[in-house]
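# Breakdown of the fold
Each chain, letter by letter, is given below.
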Amino acid sequence: MRTLRRFAAFDLLAADCAAVIYSRTVEDLVMRPKCIIASFACTILIGNFAYAEELPVAVFDIAFVNYSQEVEFGATNEAEKARALMLSAEFRTLIETSGRYALVDTAMAETELALHGNPFGCNACEAKIAAKLGAERSFTGAVQKLSNLVQTIVIRERDTRSGEVMAQYQTDIRGNTDEAWLRGLRWLMKNRMLPGTAELDAN
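Below is a short write-up of the structure. (Residues numbered from 1 in each chain as written. Predicted model: local features only at pLDDT ≥ 70, side-chain atom pairs only at ≥ 80, totals over all residues. Heavy atoms only, no water.)

### Points about the overall build of the chain
- A count of helices and strands for the chain gives 6 helices and 5 strands.
- Overall, the chain shows an N-to-C arrangement of helices and strands of α-α-β-α-β-α-α-β-β-β-α.
- Among the 203 residues that make up the chain, the fraction classed as buried is 40%.
- Long-range contacts, defined here as pairs at least 24 residues apart, represent 61% of the contacts in the chain between residues at least 6 apart. (Helix = DSSP H or I, 4+ residues; strand = E, 2+ residues; numbered from the N terminus. Buried < 20%, exposed > 50% of the residue type's maximum accessible area, 1.4 Å probe, protein only. Contact = heavy atoms within 4.5 Å.)

And the structure:
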């Protein structure tokens, strides 16, 4: 819808410029060079928007995986599990507002997901589920806790038709707080994921 509105605006501008370019009045002769430039710019922009269709993707909840020694002492990690849900919501927001993707609703797949468990480690089951939902790509992720100080955020992108891992992005974060996790995810999205997915989509 957003792209269609842009095209409509360009059509109106193009029509106005065409009237000026082919007019013979003195006022329009003055405006003619500017309209020619504007028309050329519109042509370039419309071409770019034509290739900017949002790709349907399924984004699954980010999991929390504890590799630290505290597991041996019965840690339940309720705070980290809640933080992983917060990070999942933020990830969906970043994906949706990137202008590159359209989120598909994964709520209808909750029953099937429950059968497989963590979608990050279900051996590509998430790609098949995402394909049923109409997505072309699937994103899963995990925050891997190595110690109280160090965590790693990992995001995996699959092609839903083949199940192939197209890319995996990760970054280490220092600190086990909401702010540290959010800062790490936003950095990963800006500096690794968006440049990486742009290269994939260009091929």
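### Remarks on helix H5 (residues 125-132)
- Every buried residue of H5 is accounted for by Cys125, Glu126, Ala127, Ile129 and Ala130.
- The inward-facing, buried residues of H5 contact strand E1 (55-66), helix H4 (110-116), strand E3 (137-145) and strand E4 (150-159).
- In the stretch just after H5, Gly134 is the one whose phi turns positive, near 95 degrees.

### Concerning unusual backbone geometry
- Phi at Asn77 takes a positive value of approximately 55 degrees, unusual for a residue other than glycine.
- Relative to the helices and strands, Asn77 is located in the loop between E1 and helix H3 (78-96).
- Although it is not a glycine, Ala124 sits at a positive phi angle of roughly 75 degrees.
- Note on placement: Ala124 falls in the loop between H4 and H5.
- Of the residues examined, Ala124 reaches a relative accessible area of 16% and is grouped as buried.

### Overview of the side chain of Asn66
- One can find Asn66 in strand E1.
- On the basis of relative accessibility, which here comes to 16%, the residue Asn66 falls in the buried class.
- Polar contacts involving the side chain of Asn66 include one to the side chain of Ser68, which spans 2.6 Å.
- Among the polar contacts made by the side chain of Asn66, one reaches the side chain of Glu70 at a distance of 2.9 Å.
- Residues within four places of Asn66 in sequence aside, it is in contact with Val71, Asn77 and Lys145. (Polar contact = N/O pair within 3.5 Å; in protein donor to acceptor, adjacent residues only side chain to side chain.)

### Examining the pattern of salt bridges
- According to the stated counting rule, one finds 10 salt bridges in the structure shown.
- A salt bridge links Arg92 to Asp61; its shortest N-O distance comes to 3.0 Å. In this pair, Arg92 sits in helix H3 while Asp61 sits in strand E1, placing the two residues 31 residues apart along the sequence.
- When its relative accessible area of 37% is taken as the criterion, Asp61 is described as partly exposed. (Salt bridge = Lys/Arg side-chain N within 4 Å of Asp/Glu carboxyl O.)

### Things to note about the side chain of Thr106
- In this fold, Thr106 is placed in the loop between strand E2 (101-103) and H4.
- Classification of Thr106 by relative accessible area gives buried; the value is 14%.
- The contacts of Thr106, once residues within four sequence positions are left out, are Ala58, Val59, Phe60, Arg92 and Leu133.

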